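Each chain is listed here by its residues.
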Amino acid sequence: MYTPKILEWDEALSTGDSSVDEQHKYLVETLNSLGTAILDGHGTEAIARILGRMRFYAGWHFDREEECFEKYQCPAAEMNKNAHAAFVEKFDRYHKRFHDAGGSNDMALKIHQEITDWIVNHIMRVDGELYPCIHHRPKP
Ligand SMILES: [Fe+2]
């Protein structure tokens, strides 16, 4: 069975833009709050509240980050935009399922796992494309 782990921020996740990095840190913190709420049995309402906060914040952050990709004329801008749209769709689908089922720990775990995999992979692979566009050298 999947057990949420506390994620630690790592410089390997840096995009080279400090405000985008701060926003990513907040997303990671929110994922950690979700993991803790599930493991400590805080209940459906607390989990739903965190999911709502995460959805709102992710939407806001994606807009800021997409502006940043445009500003630095990053070739990955379109790919990043499409990935964000796919995430929002996936998140909303899970969120609705969680809501419709009245919430369950198994579903919350599944959502945590899916979102964590997506966010970590996305930050490393796609958002990391910002680094060379800002600093004109490869990411260390
Ligand atoms: Fe992104």
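Residues numbered from 1 in each chain as written. Predicted model: local features only at pLDDT ≥ 70, side-chain atom pairs only at ≥ 80, totals over all residues. Heavy atoms only, no water.

1. Examining the pattern of salt bridges
- Enumeration according to the criterion identifies six salt bridges in this entry.
- With a closest N to O distance of 2.9 Å, Lys-90 and Glu-114 form a salt bridge. Residue Lys-90 is located in helix H3 (residues 77-100), and its partner Glu-114 is located in helix H4 (residues 105-125); the two are separated by 24 residues in the primary sequence.
- Judged by its relative accessible area of 24%, Lys-90 falls in the partly exposed class. (Salt bridge = Lys/Arg side-chain N within 4 Å of Asp/Glu carboxyl O. Helix = DSSP H or I, 4+ residues; strand = E, 2+ residues; numbered from the N terminus. Buried < 20%, exposed > 50% of the residue type's maximum accessible area, 1.4 Å probe, protein only.)

2. Quick notes on the packing of aromatic side chains
- Scanning the model with the defined rule gives six aromatic pairs in all.
- Summarising the aromatic geometry, the rings of Phe-62 and Phe-87 are spaced 5.7 Å apart at their centres and angled 90° between planes, so their arrangement reads as edge-to-face. Linking Phe-62 in helix H2 (residues 44-71) with Phe-87 in helix H3, this pair joins segments that are 25 residues apart in sequence. In this structure, Phe-62 and Phe-87 share a single accessibility class: buried.
- With centroids separated by 6.2 Å and ring planes inclined at 65°, the aromatic side chains of Phe-62 and Trp-118 adopt a geometry described as edge-to-face. (Phe/Tyr/Trp six-rings, centres within 6.5 Å; stacked < 30°, edge-to-face > 60°.)

3. Here's the deal with the coordination of the iron ion
- Here the iron ion is held by the protein donor atoms Glu-65 (OE), Asn-80 (OD1), His-84 (NE2), His-122 (NE2) and Asp-127 (OD), which lie 2.0 to 2.4 Å from it.
- Mapped onto the sequence, the donors of the iron ion take the spacing E-x14-N-x3-H-x37-H-x4-D. (Donors = N, O, S within 2.8 Å, 3.2 Å for Na, K, Ca; no water.)

4. Let's talk about the side chain of Thr-15
- Within the element layout of this structure, Thr-15 appears in the segment before helix H1 (18-39).
- When neighbours within four sequence positions are excluded, Thr-15 is seen to be in contact with Val-20, Asp-21, His-24, Asp-127, Leu-130, Tyr-131 and Ile-134. (Contact = heavy atoms within 4.5 Å.)

5. Some remarks on unusual backbone geometry
- We note that Gln-73 has phi near 50°; this positive angle belongs to a residue other than glycine.
- Tracing the backbone through its elements, the reader meets Gln-73 in the loop between H2 and H3.
- In the Ramachandran plot, His-136 falls in the positive-phi region, its phi being about 55° despite a non-glycine side chain.
- Residue position: His-136 is located in the segment after helix H5 (130-135).

6. Quick notes on the packing of H1 against H2
- Interaxial distance between H1 and H2 falls to 10 Å at its minimum, and their mutual angle equals 165°. Classified by the angle between their axes, H1 and H2 sit roughly antiparallel to one another. The way H1 lies across H2 gives a crossing that is left-handed. Taken together, the residues of H2 that come into contact with H1 (itself represented by Val-20, Gln-23, His-24, Tyr-26, Leu-27, Thr-30, Leu-31, Ser-33, Leu-34, Ala-37 and Ile-38) are Ile-47, Ile-50, Leu-51, Arg-53, Met-54, Tyr-57, Ala-58, Trp-60, His-61, Arg-64, Glu-65 and Cys-68.
- Among the residues forming the contact of H1 with H2, the class breakdown is 15 nonpolar, five polar and three charged. (Axes fitted to C-alpha atoms, helices over the stretch in contact; angles between N-to-C directions. Parallel < 35°, antiparallel > 145°, perpendicular 65-115°, else oblique. Left-handed = near helix turned anticlockwise from the far one by under 90°. Nonpolar A, V, L, I, M, F, W, Y, C, P; charged D, E, K, R; others polar.)

7. Let's talk about the environment of His-24
- Its location among the elements puts His-24 in helix H1.
- With 87 residues separating them along the chain, His-24 and Ile-111 place their C-alpha atoms 18 Å apart.
- Once you skip the residues sitting within four places of it in the chain, His-24 turns out to touch Trp-9, Thr-15, His-61, Glu-65, Ile-123 and Asp-127.

Any link to function would need more than the numbers given here.
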